Amino acid sequence: MRFQAENGGKILGLLLFFLLSSVSCDKEQNSIIPYVPVSISLNLNIYNELSVPGNSIFLPGPGFAGIIVYCEMPGSYTAYDAACTYEISPTCRVVNDGVQGTCSCCGSQFILMGGGYPTKGPAAKPLQQYHTSVVNGSLRIYN
Ligand code: FES
């Protein structure tokens, strides 16, 4: 009985591992925004508007169409490529305003909290997300 329980636990663990790794890979593989290498670091003492939950900033330059950084709460950030996921052009950029982003071309709206999902179309896919980590008062954004 103990042997079956141990193996059952191991099998469940393995299944969970494969499921999680396939989900996380999907996010990157399924991105429709052209891949551009990103590795930047922001000094959070300089970008102090990112200390307010609900605030967002736009960084022109990195990524495909620039990067939007959203502050969920101090120490917790999400970063997205500003390219709209409908026409996928560096000129159709999502303009951030707090927690919301609006496409400058056809007006699709995205919510920057919880994954950058569209709340109003025509866009149907979420914004391309980048990895973030906070190290010694700096926010690192990378892919
Ligand atoms: S390009 Fe963004 S909604 Fe049309």
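Cut-offs used in this document
- Along each chain, numbering runs from 1 in the same order as the chain's sequence is written.
- In keeping with the model being predicted, local features are shown solely for residues with a pLDDT of at least 70 and side-chain atom pairs are shown and tallied solely at 80 or more, while totals for entire chains, interfaces and linings include all residues.
- As a rule here, side-chain values come from all non-hydrogen atoms in the structure, and water together with hydrogens is ignored.
- We define a nonpolar core as any set of buried Ala, Val, Leu, Ile, Met, Phe, Trp, Tyr and Cys residues linked to one another through side-chain atoms lying within 4.5 Å.
- When a residue's accessible area, from a 1.4 Å probe over protein chains only, is under 20% of the maximum for its type it is buried; when over 50% it is exposed; and in between it is partly exposed.
- To qualify as a helix, a DSSP run of H or I must reach at least 4 residues; to qualify as a strand, a run of E must reach at least 2; elements of each kind are numbered from the N terminus.
- Note on contacts: a residue pair qualifies if any of its non-hydrogen atoms lie within 4.5 Å across the two residues.
- Whether two aromatic rings pair depends on their centres lying within 6.5 Å, for rings of Phe, Tyr and Trp, where Trp uses its six-membered ring; planes under 30 degrees apart make the pair stacked, over 60 edge-to-face, and the rest tilted.
- Each ring is checked for a lysine NZ or an arginine CZ that lies within 6 Å of its centre and within 35 degrees of its normal; such an atom marks a charge sitting over the ring.
- At least two bridges found by DSSP between two strands is the condition for calling them paired.
- Throughout, an axis means a line fitted to C-alpha atoms (over the contacting stretch in the case of helices), and angles, computed between N-to-C directions, take values from 0 to 180 degrees.
- Note on patches: the residues involved have over 30% relative accessible area and no salt bridge, like charges join within 9 Å, and the nonpolar side chains Val, Leu, Ile, Met, Phe, Trp and Tyr join within 5 Å.
- Method for areas: the Shrake-Rupley scheme with a 1.4 Å probe, in which residue coverage is limited to the protein chains shown.
- Salt bridges are defined as contacts in which a side-chain nitrogen from Lys or Arg sits within 4 Å of a carboxyl oxygen from Asp or Glu.

Caption draft 1: Structural view of the nonpolar core. Judged by nonpolar contacts, the single largest core of 14 residues is most densely connected at Leu42, Leu50, Ile67, Val69, Leu139 and Ile141. Only strand 2 (56-59), strand 3 (67-73), strand 4 (76-81) and strand 10 (138-142) provide two or more residues apiece to this core. Per element, the largest residue contribution to this core is three residues, and it comes from strand 3. Beyond its immediate chain neighbours, meaning those up to four positions away, Val69 contacts Leu42, Leu50, Asn55, Ser56, Ile57, Leu59, Tyr77, Thr78, Ala79, Leu139 and Ile141. Grouped together as the second largest cluster of nonpolar side chains are twelve residues, Ile68, Tyr80, Phe110 and Ala123 included.

Caption draft 2: Inspection of the packing of aromatic side chains at higher detail. Under the counting rule described, the total for this entry stands at zero aromatic pairs. Seen from the ring of Phe58, Arg93 lies directly overhead, with NZ or CZ sitting 3.6 Å from the centre.

Caption draft 3: A look at the sheet that holds strand 8 (residues 118-120). Spatially, four strands are ordered 5-6-7-8 in an open sheet, and the strand pairing comes out antiparallel. Two strands lie at the open edges of the sheet, namely strand 5 (94-97) and strand 8, each paired on one side alone. Ignoring strand direction, the axes of neighbouring strands in this sheet form an average angle of 30°. Strand direction decides the pairing type here: strand 6 (residues 100-103) and strand 7 (residues 109-111), joined by three bridges, are antiparallel. In the sheet register, Gln100 faces strand 7, and the bridge partner there is Ile111.

Caption draft 4: Local environment of a nonpolar patch on the surface. Taken together, Ile111, Met113 and Tyr117 make up a surface patch of nonpolar side chains, about 280 Å² in accessible area. Inspection of the secondary structure assignment puts Ile111 in strand 7. Overall, Ile111 belongs to the partly exposed group, its relative accessible area being 31%.

Caption draft 5: Structural context of the side chain of Thr85. Positionally, Thr85 belongs in the loop between strand 4 and strand 5. Relative accessible area serves as the criterion here: at 6%, Thr85 is assigned to the buried category. Setting aside residues up to four positions removed in sequence, Thr85 forms contacts with Ile32, Ile33, Phe110, Ala123, Lys125, Pro126 and Leu127.

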